[in-house]
Amino acid sequence: MKKTRVIYVEDDPTLLSIVSKLLRNQPELEIVSVGNSADALAKIDSQVFHAALLDISLGQSSISGIELAHQIRSRNSDIGIVFFSQYASSAKPTDQGDYYMGWSTIAKTAELDGKYISRVLVDSALGKSHNVKAEEASPSSAEYFRQLNPRQIKLMSLLCQGYDTGKTSQELGLAPITVRAELTKIYKILVPDPEPGTDLRTTAVLRYLRSNPDLGWFGDD
Amino acid sequence: MTRFEKGLNLRNSIVPAAKAPWHYQTPAVVAAMIGATSVTLSVAQPSLTVAWTVKTALSVIAGIFFLIVGLSLILNYSKKLISSQTKISLKFLIYIAANIFWIAPHYFLVNVFFPDPTIDFSRAALRIFTALLLFQIISTVVANRLNEELTAKEELVKELVKQRSLIIESEEETRELVSKYLHNTLQSGLVVINHQLLEAMKSVPPATRSRFQSIVDELELMRRIEIRDASRALSPNLDVLTFDSLLTPLLDVYRNTVKINIRANGVEYSRLKSIGLALYRITEQVTLNAAVHGAAKNIEIELIQTNKQSLTLVITNDGAPLNSSALNKGTGTAIIDTWVANLHGSWELSLNDRGLTEFRAKLDF
C-alpha cells in the first residue's frame, strides 16, 4: 500500500514529539515533522507530500498556519491541508469551492486519537474534507453555583474537605438518606450532562471549587 | 436627519478659529463695514449728502482694503521677528510700529485713487482710519495671542492623541502577550499533561480511573473553553480565513442577548489581516455600546471594500434612538477615535433612513 506522506508543523516541541510518535505508529502514514514555517516550506520545495498537518499559531518567528497553508497550496495545489489546533474552527472555510477541497480542521484534545487524525489526513490527501463542529459556548460556573440552596452549599463545602456521606450527615444533623438525596440533586445541577464513566462526586467537587473556591476549602473559617 | 460628526473633536473645534481671513464671508463683512462707515461719516460730517456719504464710505473701505493688504504684507515680513519675541509688550510695540509705518502710504493711496469730495474729507477720513487702525492693532494683538493659545492647545491635543495611541498599543501588546501565553504555552502544556494522565490511567484500577477521568475531563473543559475564552477576550485571533471568523468571539459574547448579522461580501480578509485588530476593536466597542447602552436586539455589521486601499465599516442597530447623550465621550469613543485615527479614517454616528442608529467608519489600509 502506498503511504500518505505528511508534513507536520508544530512549534511546541513536546507536542511535536508526542504527535509525531503517535502518527508514526499509523501504518498508512509517513511523517516528516518540523517546528516552524520556514523549515516547512523548505521541505515542501524539496520533497513530495500528500498532506500537511498544521498548527495555526506557530510562534513569533513563523507565519501563521493559515498563511502557511496558502503558501503550501500555491506550491502544490493538490496537497491536503489539515489544521490541528485549538483555533481549528477559525480555519474552517465558509466557501466550499475547489480551492478548499481536502481542507480539514481537527480540534486539539488530550485524547490525541492517532487513528482519527490519520483518517482525516488520508481523506484530505484525497480531496475530502473533515471539519470540527461549532465551538462550544462557555458554561458559567457561577450560574451553577447560584442554583444551589444554602444546605447544598454547606454540604458541598464539607465534601470539598473530604467528608464522606456518614461524616457529612453527622456534621449536618441529617439522615444519610437525606444527604444522598441532596447529593443527587447537587449532581444534577453541577454535572448536568455527565460523560459515561464520569465520577460525579469528583466532578461536582471540582466544579464547585471553581465556581467558589472560598466556600470550598475555607468555607467555615 | 440627526448627524454627529466624530473624530478628534477638540482639534476640530480649534481649527476653524484659526482660519485665514479669506475663508470668512467677505461680502457680508464688506457690506457691514460700508454700512458702519457710512453711519459714522454721516454723524461726523452732517454736511455730506447721502450719496456722497456712501461714496466716501466706499473710498474709506477701499482704503481699508489697501490698509489690510499692506499691513498683512508688513506683518508677514515681521512675522519671524514677532514670533521670536517672548514678551507681549515687545510684540505690541512691533505691531504699532508696523501699523504706523503703513499710515502714510495708505493716506496717500486713498487721496490719489479716491479724490476728496469735500474740504473736510481728509480730516474725517483720517479720524476713521485712525480709529479703525487702532482697532485693527488691538484685534491683531488679541488674535495673535489667541492663535498662540490655540496652537499650544492644538499641540497638546496632538500629544494627547499620540499618548493615547501609545497607551492603547502598549495595552494591546500586553494583552497579546498574555493571550499567546494562555493559548500557546498553557493550552499546549495542558494537552500534553492531560494526554500523559490518560496514558497513565490505562494501568490503574477502574474505580480510580473513573476519578482520574473526571479530573482530566474538568481540566480539558477548562483548557478547551475557559482558557480559550480568556485568551480570546484578551486578544482576538487574527489568523482566520474570513471577517466573520474574526468576529466569532463577539458573536459568542452576545449570543444570548443580541442577534448579530455579518455581511462582508467580496471582501478578501487575507488582504485585511494587517488591520484585523483595528476592525475587531472598533466593532467590539460599537457593538458594546449598542448592546449595553442602546439595549439593541439586532445588530448588522457590514464591511464594504470601496477600493483597493479603503474600506467602509457600517454597523446599524435597533437600540435606543440616537440622542445627545449618545455623544458623551467615554472610553469606548476614545478607543474608536484612536483606532480610526491610526488608519487615517473618519467616523460618524447617525440615524439612517430606517430610523436605526448607524455607525459608519471610512478606513484606509
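Procedures and definitions
Residues numbered from 1 in each chain as written. Chains lettered and ligands numbered in written order. Predicted model: local features only at pLDDT ≥ 70, side-chain atom pairs only at ≥ 80, totals over all residues. pLDDT = per-residue confidence, 0-100. Helix = DSSP H or I, 4+ residues; strand = E, 2+ residues; numbered from the N terminus. Contact = placed C-beta atoms within 7 Å. Nonpolar A, V, L, I, M, F, W, Y, C, P; charged D, E, K, R; others polar. Buried ≥ 20, exposed ≤ 12 C-beta atoms within 10 Å, placed from the backbone. Pairing = 2+ DSSP bridges. Right-handed = clockwise from strand over helix to strand, strands pointing away. Core = buried A, V, L, I, M, F, W, Y, C linked by C-beta atoms within 7 Å.

Considering the confidence of the model for chain B
Residues and elements named next belong to chain B. Per-residue confidence for chain B gives a mean pLDDT of 76, with 67% of residues at or over 70. Element-level mean pLDDT values for chain B span from 40 in helix 1 (residues 9–14) up to 93 in strand 4 (residues 310–317). Scored below 50 in pLDDT, residues 1–20 makes 34 contacts in the model with residues more than four places away or belonging to other chains. Prediction confidence for the complex, expressed as pTM and ipTM, is 0.62 and 0.71 respectively.

Things to note about the interface of chain A and chain B
Chain A puts 31 residues into the contact, and the matching count from chain B is 31 residues. At the level of elements, helix 1 (13–24), helix 3 (65–75) and helix 9 (200–211) of chain A are the ones that each hand at least two residues to the side of chain A that touches chain B. The residue inventory of the side of chain A that touches chain B, partitioned by class, reads 11 nonpolar, 14 polar and six charged.

Looking at unusual backbone geometry
With a phi angle near 45 degrees, A:L112 is a residue other than glycine that sits in the positive phi range. Relative to the helices and strands, A:L112 resides in the loop between strand 5 (103–107) and helix 4 (114–125). Of the residues examined, A:L112 has 20 C-beta atoms within 10 Å and is grouped as buried. Phi is positive for B:H344, close to 55 degrees, though the residue is something other than glycine. Mapped onto the elements, B:H344 comes out in the loop between helix 10 (331–342) and strand 5 (346–351).

Let's talk about the pairing of strand 3 (residues 51–54) of chain A
Within a regular strand, side chains alternate between the sheet's two faces. All names here are of chain A. Of the two faces of strand 3, the one lined by A51 and L53 and the one lined by A52 and L54 are each fully buried. Two strands pair when backbone bridges link them, and strand 3 and strand 4 (residues 80–85) are joined in this way by four bridges, in the parallel orientation. By the bridge assignment, A52 is partnered in strand 4 with I81. For the handedness criterion, the β-α-β arrangement of strand 3, helix 3 and strand 4 is classed as right-handed.

Some points on the nonpolar core
Side chains of nonpolar character tend, in soluble globular proteins, to be buried together. Residues A:V6, A:A52, A:L54 and A:V82 are the most contacted members of the largest nonpolar core, which totals 73 residues. Here this core takes seven residues from helix 9 (residues 276–293) of chain B, the largest share from any one element. Filtering out sequence-adjacent residues up to four positions away, A:V6 remains in contact with A:L23, A:L29, A:E30, A:I31, A:F49, A:H50, A:A51, A:L53 and A:L121. Judged by nonpolar contacts, the second largest core, of 13 residues, contains A:L148, A:M156, A:A204 and A:Y208.

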